[in-house]
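Next come the chains, spelled out residue by residue.
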Amino acid sequence: MIAIIDYGVGNLFSLKSSFAFINEEAVVTGDKKTIEKCDRIILPGVGAFADAAMKLEASGLGEVVREQAEAGKPILGICLGMQLLFDKSYEYGEHRGLGLIKGSVKPIADAVDKDLKIPHIGWNSLIFPKDREKSPLYKYTGEGDFVYFVHSFYAADCDESVTALTEYGAMLTASVQNKNVYGAQFHPEKSGNVGLGILKAFCEI
């Protein structure tokens with residue numbers, strides 16, 4: 001069973017539908033005991049970092065995620081959910097994250113040419129680092145496969161954790177991993193068969 005954490009921010013039911021499509025049982029929940037009983041956790045998120053971080057901590061679910069990460073349970077943060085895994089974000093100020101992956105979240109606008117549109121919206125290909133083993137999240141994914149992005153901020157200062165990059169005027173972090181904690185800046189649930197393969201691989205970790 002996969003717990004899709006409901007803390008008031010996220011594309012919850014399209015994720016649940018994606019898991020149903022690959023015959024994996026998932027529950028949308030904000031209940032600590034239910035989350036603890038599940039085998040894997042999805043941390044979704046759309047919107048502003050500060051608001052999402054505040055809701056996550058105010059609900060007590062931030063501590064639940066940290067506890068489950070420490071216990072070794074596979075966790076996947078998606079889009080803003082991935083950004084929340086980091087130490088901090090510089091999205092309209094400076095805000096603390098969950099501290100499960102070293103690094104920070106910074107504006108794409110500061111890293112790319114001014115003529116590129118922000119937010120970065122659309123399909124971009126995945127580029128795997130050549131100096132490390134392929135992440136188990138990409139068991140069914142090939143170099144150059146396309147996934148769907150919607151974001152104005154990106155994960156920085158996290159080279160040791162990067163499992164895939166994408167090129168949008170600069171090389172931007174597409175996904176990360178720190179032991180059992182995974183993050184995808186893109187939306188697997190909006191990425192067709194490639195995304196379904198990534199969710200399937202997560203269910204097999």
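The notes below deal with the structure included here. Computed from a predicted structure; not experimentally measured.

Thresholds applied
- Residues numbered from 1 in each chain as written.
- Predicted model: local features only at pLDDT ≥ 70, side-chain atom pairs only at ≥ 80, totals over all residues.
- Heavy atoms only, no water.
- Buried < 20%, exposed > 50% of the residue type's maximum accessible area, 1.4 Å probe, protein only.
- Helix = DSSP H or I, 4+ residues; strand = E, 2+ residues; numbered from the N terminus.
- Arc of directions from axis to C-beta.
- Phe/Tyr/Trp six-rings, centres within 6.5 Å; stacked < 30°, edge-to-face > 60°.
- Salt bridge = Lys/Arg side-chain N within 4 Å of Asp/Glu carboxyl O.
- Contact = heavy atoms within 4.5 Å.
- Pairing = 2+ DSSP bridges.
- Core = buried A, V, L, I, M, F, W, Y, C linked by side-chain atoms within 4.5 Å.

## So, helix H3 (residues 49-58)
Here is step 1 of the chain: Buried residues of H3: Phe49, Ala52, Ala53 and Leu56, and no others. Within H3, the buried residues cover an arc of 100 degrees as seen down the axis, which keeps them to one side. Among the exposed residues of H3, those pointing more than 90 degrees away from its buried face are Met54 and Ala58.
Here is step 2 of the chain: Gly60, located one to two residues past H3, shows a positive phi value of around 85 degrees.

## Details of the packing of aromatic side chains
Here is step 1 of the chain: Throughout the structure, instances matching the rule amount to 5 aromatic pairs.
Here is step 2 of the chain: The interplanar angle of 75 degrees and the centroid separation of 5.8 Å between the aromatic rings of Tyr92 and Phe153 together place this pair among those described as edge-to-face. With Tyr92 in the loop between strand E5 (86-89) and strand E6 (95-96) and Phe153 in strand E10 (residues 153-156), this pair connects stretches of sequence that are 61 residues apart.
Here is step 3 of the chain: A relative accessible area of 71% means that Tyr92 is categorised as exposed.
Here is step 4 of the chain: On the accessibility criterion, Phe153 (11% relative accessible area) is buried.
Here is step 5 of the chain: For the ring pair Phe128 and Tyr138, a centre distance of 5.0 Å and an interplane angle of 40 degrees mean the geometry is tilted. On the criterion of sequence distance, the pair formed by Phe128 in the loop between strand E8 (120-125) and strand E9 (146-151) and Tyr138 in the loop between E8 and E9 is long-range, its members being 10 residues apart.

## A short note on the pattern of salt bridges
Here is step 1 of the chain: Evaluated as defined, the whole model comprises 10 salt bridges.
Here is step 2 of the chain: In this structure, Arg132 engages Asp131 in a salt bridge whose closest nitrogen and oxygen atoms are separated by 3.1 Å.
Here is step 3 of the chain: A relative accessible area of 60% means that Asp131 is categorised as exposed.
Here is step 4 of the chain: By sharing partners, the salt bridges in this structure join Glu57, Glu63 and Arg66 into a single network.

## Looking at the side chain of Thr141
Here is step 1 of the chain: Here Thr141 is to be found in the loop between E8 and E9.
Here is step 2 of the chain: Accessibility expressed as a relative area gives 3% for Thr141, which makes it buried.
Here is step 3 of the chain: If we ignore the near neighbours within four places in the chain, the residues touching Thr141 are Leu126, Phe128, Lys134, Val194 and Ile198.

## Topic: the sheet that holds E5
Here is step 1 of the chain: Pairing is mixed in the open sheet, where 4 strands are placed in the order E6-E5-E7-E10. Taken across any chain shown, the strands that pair with only one partner, and hence form the sheet edges, are E6 and E10.
Here is step 2 of the chain: Relative to strand E7 (residues 101-107), E5 runs parallel, the two being bridged by 3 bridges. In the strand pairing of E7, Lys88 is matched with Ser104.

## Quick notes on the side chain of Ser104
Here is step 1 of the chain: Looking at the secondary structure, you find Ser104 in strand E7.
Here is step 2 of the chain: Residue contacts for Ser104: discarding those within four places in its chain leaves Phe86, Lys88, Tyr90, Tyr154, Ala155, Ala156 and Asp157.

## Some details on the nonpolar core
Here is step 1 of the chain: Ile5, Tyr7, Leu43, Leu84 and Phe86 are the most contacted members of the largest nonpolar core, which totals 32 residues.
Here is step 2 of the chain: Every element with two or more residues in this core is listed here: strand E1 (2-5), strand E3 (40-43), H3, helix H4 (61-70), helix H5 (80-83), E7 and E10.
Here is step 3 of the chain: For Leu84, the residues in contact, after removing those within four places along its chain, are Tyr7, Leu43, Phe49, Ala52, Ala53, Leu56, Gly97 and Leu98.
Here is step 4 of the chain: Judged by nonpolar contacts, the second largest core, of 27 residues, contains Leu126, Tyr182, Ile198 and Cys203.

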